[in-house]
Amino acid sequence: MGKRRVPDLYRAPFPLYTVGVHRETGLVITAGGGGASKTGIKNGLHFLRMERVDGQLTASLAHSFDTDPRATMSLALGGDVIAAGQDASCHLLRFKERSGKPPGKGGGGDQGVQRRKGGRSQAAGDASPETHNDTTQITVESVGEVQTDFSTDALQKCVRFSADLNLLITGGADGHVRVWEYPAMKKKFDFKAHEGEVEDLDISPDNKQLVTVGRDFTCCVWRNDQLATGLRWHENIPNIPEKMYRYQACRFAKVEDKAEALRLYTVQIPHKRDRRPPPCYLTKWDGRNFLPLLTQPCGNEVISCLAVSDSGTFLGLGTVTGSVAIYISFSLQKLYYVQEAHGIVVTDLAFLPDTPQGRTVLGDNEMAMLSVAVDSRCKMHVLPNRKSFPVWLVLLLCALMVVGVIFLLQQAFPGFI
């Protein structure tokens, strides 16, 4: 662990704010842009196709979709629909893969695949003699849009689909959480969850609990639009004043090999930036009764984002200084760390899904996670399979050690036994 170089998987022509992996196709969807300001920086969604070429992981630009004049700051994937947070709205986009040539300049973007020699991809617009088109093409169409924030800041902060794709939940800078019936996009609930911005939210797999994180130092559990409880992570930790920390992120996760168990993970960061900053904290909660199970410090770099693997085994953390870390969920111990993997704040993370496509890309590694940042780069972080020994072999070695110790003692002290 420590400072090392992680090669770029892809570099976009604009800052990247969010990333997701489509479960069915394995496509990586990342988005960002320069916003409405006339800086000449584009706004768009990029679809990347990952594959292994001669054992090396590569990413190719399969399609680019223009979202001018708005940058996509958050997204959620629900089947073949992307819920993209753009300014004060949630824009629903449906994408499809089809065979044949691209329909000229239709479909809202430039289409085609560009790959850099040696496996590194190139952003659209960078001329390369290796440029070629795949036979499979991607089309994107708008299928709806709703306003999700009514503050003067005009910003949707977060968006999530429920596991059964019956609900879409959005959180805004106005502190409101809005729950929409999907796909009709009929508003089901609209309630004030926090004083100030909603930083993050997640919904339990059974749709019974909704957890929200705000800049007002609170993390709340909701049933429908009614407050069920507020979480208090530091009650049993000494010397932490009430408003020294605030919640930054939250994620539900299942427990491997325990079908009925559910966990919630939250990140707490210092409210004020000090010259010698105190550590951030990672907390594991029982996802049924919301009692804290374990809290561990996770470094002095301020955490910017959190992700959880499909199995619930791994947690990913990004920081405002560009570092990336992976923790094991059981003990909250660090397994992987790259200092300043990005040149600036890590804006989003996504684990490869546990699907046939994901396992093909994974190869011999145990886990892989994508990170994106304002530096326009998308990077892949892999964790090699951890070597393990059979229990019988461990017991045999222990027995041999005991016999060896007894033999040495007998030689050194005749008559010991």
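Residues numbered from 1 in each chain as written. Predicted model: local features only at pLDDT ≥ 70, side-chain atom pairs only at ≥ 80, totals over all residues. Heavy atoms only, no water.

### Focus: the overall build of the protein chain
The condition that has to hold: Helix and strand assignments come from DSSP, with helices taken as H or I runs of at least 4 residues and strands as E runs of at least 2, each series counted from the N terminus. Each residue's exposure class comes from its accessible area (1.4 Å probe, protein chains only) as a fraction of the maximum for that residue type: buried when under 20%, exposed when over 50%, partly exposed otherwise. In this description, contact between two residues means that some pair of their heavy atoms is separated by no more than 4.5 Å. The Shrake-Rupley method, run with a 1.4 Å probe, gives the accessible areas here. Residue values count only the displayed protein chains as cover.
Helices and strands together make up the secondary structure of the protein chain, namely two helices and 28 strands. Going through the 417 residues of the protein chain one by one, you find that 51% of them count as buried. Within the protein chain, residue pairs in contact and separated by at least 24 positions form 52% of the contacts whose partners lie at least 6 positions apart. Accessible surface computed for the protein chain: about 20,100 Å², of which carbon and sulfur atoms make up 53%.

### Regarding the pattern of salt bridges
This is how it is decided: Should a side-chain nitrogen of Lys or Arg be within 4 Å of a carboxyl oxygen of Asp or Glu, the pair is scored as a salt bridge.
For the structure on display, the rule yields 18 salt bridges. The partner of Lys-157 in a salt bridge is Glu-197, with the nearest N and O atoms 3.1 Å apart. Residue Lys-157 is found in strand 10 (residues 156-161), and its partner Glu-197 is found in the loop between strand 13 (186-192) and strand 14 (198-203); the two are separated by 40 residues along the sequence. Take Lys-157: its relative accessible area is 25%, and that puts it in the partly exposed class. Salt bridges sharing common partners tie together Lys-157, Glu-197, Glu-199 and Arg-215.

### Points about the sheet that holds strand 10
Here is the rule we go by: Pairs of strands are assigned from DSSP output, requiring at least two bridges between the strands. Note on geometry: axes are C-alpha line fits, over the in-contact stretch for helices, and angles between N-to-C directions span 0 to 180 degrees.
Strand order across the open sheet formed by four strands is 10-11-12-13, with antiparallel pairing between neighbours. Only two strands of the sheet have a single partner each, and these edge strands are strand 10 and strand 13. Sheet twist, expressed as the mean angle between neighbouring strand axes with direction ignored, is 15°. Inspection of the sheet shows strand 12 (residues 176-181) paired to strand 13 by six bridges, in the antiparallel sense. Its bridge partner being in strand 13, Val-177 is matched across the sheet by Phe-191.

### Focus on the packing of aromatic side chains
Two measures describe an aromatic ring pair: the distance that separates the ring centres and the angle between the ring planes. Our working definition: Put simply, two rings from Phe, Tyr or Trp (the six-membered ring, in Trp's case) pair if the centres are within 6.5 Å, and we call them stacked under 30 degrees between planes, edge-to-face over 60, tilted for the rest.
The tally for this structure, following the rule as stated, stands at seven aromatic pairs. With a centroid separation of 5.0 Å and an interplanar angle of 75°, the aromatic rings of Phe-161 and Tyr-182 are classed as edge-to-face. With Phe-161 in strand 10 and Tyr-182 in the loop between strand 12 and strand 13, the pair connects residues that are 21 residues apart, well separated along the chain. Across this residue pair, the class does not change: Phe-161 and Tyr-182 are buried.

### So, the nonpolar core
As a reminder of what qualifies: Among buried residues, those of type Ala, Val, Leu, Ile, Met, Phe, Trp, Tyr and Cys that are joined through side-chain atoms within 4.5 Å constitute a nonpolar core.
Leu-9, Val-28, Met-50, Leu-352, Leu-370, Cys-378 and Met-380 are the most contacted members of the largest nonpolar core, which totals 22 residues. Among the secondary structure elements, those contributing two or more residues to this core are strand 1 (8-11), strand 2 (16-21), strand 4 (43-53), strand 5 (56-66), helix 1 (356-362), strand 27 (365-373) and strand 28 (377-384). Residue contacts for Leu-370: discarding those within four places in its chain leaves Leu-9, Val-19, Val-21, Val-28, Met-50, Asp-348, Leu-349, Ala-350, Leu-352, Cys-378, Lys-379 and Met-380. By size, the runner-up hydrophobic cluster in this structure holds 18 residues, among which are Ile-269, Leu-306, Leu-332 and Tyr-337.

### Thoughts on the pairing of strand 6 (residues 72-78)
With five of seven residues buried, strand 6 is to be regarded as a mostly interior element. Judged from the six bridges that link them, strand 6 and strand 7 (residues 81-86) form a sheet pairing that is antiparallel. When the bridges of strand 7 are listed, Gly-78 appears paired with Val-81.

### Thoughts on the sheet that holds strand 14
The four strands are arranged 14-15-16-17 in an open sheet whose pairing can be described as antiparallel. Both edges of this open sheet fall to strand 14 and strand 17 (226-230), since each of them pairs with a single strand only. Between one strand axis and the next, the sheet turns by 25° as a mean value, whatever way the strands run. In this sheet, strand 15 (residues 210-214) lies alongside strand 14 in antiparallel orientation, the contact comprising five bridges. Counterpart to Asp-202 in the pairing with strand 15 is Val-211.

### What about a nonpolar patch on the surface?
Test applied: Each patch is built from residues lacking any salt bridge and having more than 30% relative accessible area; the joining distance is 9 Å for like charges and 5 Å for nonpolar side chains (Val, Leu, Ile, Met, Phe, Trp, Tyr).
A cluster of nonpolar side chains, contributed by Trp-392, Leu-396, Leu-397 and Leu-400, occupies part of the molecular surface with about 440 Å² of accessible area. Among the secondary structure elements, Leu-397 is positioned in helix 2 (residues 391-412).

### Section: the confidence of the model for the protein chain
Stated precisely, the cut-off is as follows: How sure the predictor is of each residue is captured by pLDDT, a score from 0 to 100.
Taken as a whole, the protein chain shows an average pLDDT of 89; of its residues, 88% reach a score of 70 or greater. Confidence over residues 113-132 falls short of pLDDT 50; this stretch has 52 contacts with residues more than four positions distant or in other chains.

### Here we look at the environment of Met-367
Relative to the helices and strands, Met-367 is located in strand 27. Residues Met-367 and Phe-314 lie 53 residues apart in sequence; the distance between their C-alpha atoms is 8.3 Å. When near neighbours in sequence (up to four residues on either side) are disregarded, Met-367 contacts Phe-314, Ile-326, Phe-351, Leu-362, His-381, Val-382 and Leu-383.

### A word on the environment of Asp-310
Short version of the rule: The term polar contact refers here to a pair of N or O atoms within 3.5 Å; inside protein, the definition further demands a hydrogen-donor-capable atom paired with an acceptor-capable atom, and it admits residues adjacent in sequence only when both atoms are side-chain atoms.
For Asp-310, the position within the fold is in the loop between strand 22 (303-308) and strand 23 (314-319). Leaving out residues up to four positions away in the same chain, Asp-310 has contacts with Arg-23, Lys-254, Pro-353 and Asp-354. Within the structure, Asp-310 has its side chain in polar contact with the backbone nitrogen of Asp-354 (distance 2.9 Å).

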